[in-house]
Amino acid sequence: FAQVKIAGTCFAALRMSVKTLQRTRSCDEVDDKVVLVAKQKSLDAISMTPEQIALNFGLVGFSCTAAQATVHWTQTTMVRQQLAAMHGAEPSFVAALKSIFSGEGMRGLYRGFSA
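Attention here is on the structure that accompanies the text. For clarity, every value in this text was computed on a predicted model and none was experimentally measured.

1. Things to note about the overall build of the chain
Looking only at helices and strands, one finds four helices and zero strands in the chain. Along its sequence from the N terminus, the chain presents helices and strands in the succession α-α-α-α. Considering the chain as a whole, with its 115 residues, one finds that 8% of them fall into the buried category. Counting only contacts in the chain whose residues sit at least 6 apart along the sequence, the fraction spanning at least 24 positions is 50%. For the chain, the accessible area works out to roughly 9,600 Å², and carbon and sulfur atoms hold 68% of it.

Structure representation (structure tokens):
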């Protein structure tokens, strides 16, 4: 009776292995389709006209500049806070911001932006 039970268990394990293999094969087929779609999309990107490429570069440059312009003043203020802390003073963010703006104006907040 024990041999029959072991044989049944082995058969069930074999059946599960076959099902797993079938699933794996279908996943590989799906992966191949995904790779083909990705290759086609990359070929579509290559077939852009020079005007489209120039427009993309221009938009990327503008968006990076706009993003940096929105955060540069906060980075300047944080660096000034760190420098003040090295000399023993620990101003709050708002106090450091007011100090820069009152002493140097808007140019002080954006100092180093063009670098």
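So much for the structure itself; the text now carries on.
2. Looking at the side chain of His-72
Along the polypeptide, His-72 turns up in helix α2 (residues 50-86). With sequence-adjacent residues up to four places away left out, His-72 is seen in contact with Leu-109, Tyr-110, Arg-111, Gly-112 and Phe-113.

About the cut-offs
- Residues numbered from 1 in each chain as written.
- Predicted model: local features only at pLDDT ≥ 70, side-chain atom pairs only at ≥ 80, totals over all residues.
- Heavy atoms only, no water.
- Helix = DSSP H or I, 4+ residues; strand = E, 2+ residues; numbered from the N terminus.
- Buried < 20%, exposed > 50% of the residue type's maximum accessible area, 1.4 Å probe, protein only.
- Contact = heavy atoms within 4.5 Å.
- Areas by Shrake-Rupley, 256 points an atom, 1.4 Å probe, with all protein chains shown as cover.

Any functional reading would require information that these geometric values do not contain.
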